[in-house]
Amino acid sequence: MSIASRLADLGVSLPDAPAPAANYVPFVKVGSTLYVSGQISNGPDGLVTGKLGAELDVPAGAEAAKLCAISLLAQVKAACDGDIERLVRVVKLTGFVNSTADFTDQPKVINGASDFLVEALGDAGRHARSAVSAGSLPLGVAVEIEGIFEIR
């Protein structure tokens, strides 16, 4: 089954790739490796802001992480000239969680992205990963995730 079909079955339509918010590029291709800049928790209703362990709980954080994963795939699609089927696999994610000092469930939050990518891509969505806490993130967002992908 194609990636586009799997996304459609999940009710996910990839948005246009978000433009960079500062002096950087959204992705860099080196051979068959694609490095995608951090994507913040932003969805159809706008930014998902707040701090895990204060205003947001783990399920809300996981949903914010899923939005980051959708934006990562949108960047992959843009990098592949609109052909998401050129994605071979997710190699690594680094997830940053805007959280209180005593919050310790960063991995459960970033699971929102990991679970979505495996659901959308099957084994090609399985990846290495880091999930870390941040005292704050740009624009007050709840989650930011960067990714490394293999493409054709």
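Note: the structure precedes this text.
Residues numbered from 1 in each chain as written. Predicted model: local features only at pLDDT ≥ 70, side-chain atom pairs only at ≥ 80, totals over all residues. Heavy atoms only, no water.

*Asks:* Whenever I open this one, the overall build of the protein chain confuses me. Can you help?
*Replies:* If you tally the helices and strands in the protein chain, you get 3 helices and 7 strands. For the protein chain, the C-alpha radius of gyration of 14 Å lies close to 15 Å, the compact-globule estimate for 152 residues. Along the longest, intermediate and shortest principal axes, the C-alpha atoms of the protein chain span 40 × 35 × 30 Å. Among the 152 residues that make up the protein chain, the fraction classed as buried is 41%. In the protein chain, the proportion of contacts linking residues at least 24 apart, taken out of those at least 6 apart, comes to 80%. Summed over all atoms, the accessible surface of the protein chain reaches about 7300 Å², with 52% contributed by carbon and sulfur. Separation of charge centres in the protein chain, based on 12 positive and 17 negative side chains, amounts to 6 Å. (Helix = DSSP H or I, 4+ residues; strand = E, 2+ residues; numbered from the N terminus. Rg over C-alpha atoms; globule rule 2.2 N^0.38 Å. Buried < 20%, exposed > 50% of the residue type's maximum accessible area, 1.4 Å probe, protein only. Contact = heavy atoms within 4.5 Å. Areas by Shrake-Rupley, 256 points an atom, 1.4 Å probe, with all protein chains shown as cover. Lys, Arg positive; Asp, Glu negative; His and termini not counted. Charge placed at Lys NZ, Arg CZ, Asp CG, Glu CD.)

*Asks:* Please explain the sheet that holds strand β2 (residues 33–40) as it appears in this structure.
*Replies:* One key point about sheets: their strands pair by backbone hydrogen bonds, in either a parallel or an antiparallel sense. Spatial ordering of the open sheet is given by β1-β2-β7-β5-β6, a layout of 5 strands whose pairing is mixed. Taken across any chain shown, the strands that pair with only one partner, and hence form the sheet edges, are β1 (27–30) and β6 (128–134). Averaged over all neighbouring strand pairs, the angle between strand axes comes to 15°, with direction disregarded. Sheet topology places strand β5 (residues 87–98) next to β6; 7 bridges connect them, and they run parallel. Across the sheet, K92 pairs through a bridge with A128, a residue of β6. Sheet strands in contact with helix α3 (residues 106–121) are β5, β6 and β7 (143–151), and its direction is about 160° off that of β5. (Pairing = 2+ DSSP bridges. Axes fitted to C-alpha atoms, helices over the stretch in contact; angles between N-to-C directions.)

*Asks:* I tried to follow unusual backbone geometry on my own but got confused; where do I start?
*Replies:* Leaving glycine aside, a negative phi is the common case for residues, and trans is the common case for peptide bonds. Phi at D81 is positive, roughly 55°, even though this residue is not glycine. Classification of D81 by relative accessible area gives exposed; the value is 67%. Positive phi, normally seen in glycine, also occurs at L139, with a value near 60°. Within the secondary structure, L139 sits in the loop between β6 and β7.

*Asks:* Mind showing me how you'd approach the side chain of S41 here?
*Replies:* Tracing the backbone through its elements, the reader meets S41 in the loop between β2 and β3 (42–43). There is a polar contact of 3.4 Å between the side chain of S41 and the backbone nitrogen of A142. (Polar contact = N/O pair within 3.5 Å; in protein donor to acceptor, adjacent residues only side chain to side chain.)

*Asks:* I keep staring at the environment of A17 and nothing clicks. Help me out?
*Replies:* Within the element layout of this structure, A17 appears in the loop between α1 (3–9) and β1. Judged by its relative accessible area of 30%, A17 is partly exposed. The spacing of A17 and A79 is 62 residues in sequence and 9.3 Å in space, taken between C-alpha atoms. Discounting chain neighbours no more than four positions away, the residues touching A17 are A74, Q75 and A78.

*Asks:* Can you walk me through a nonpolar patch on the surface in this structure?
*Replies:* There is a patch of nonpolar side chains on the surface, built from V25, V28, V30 and Y35 and spanning about 340 Å² of accessible area. As for its placement among the helices and strands, Y35 is situated in strand β2. For Y35, a relative accessible area of 39% puts it in the partly exposed group. (Patch = residues over 30% accessible without salt bridge, like charges linked within 9 Å, V, L, I, M, F, W, Y side chains within 5 Å. Salt bridge = Lys/Arg side-chain N within 4 Å of Asp/Glu carboxyl O.)

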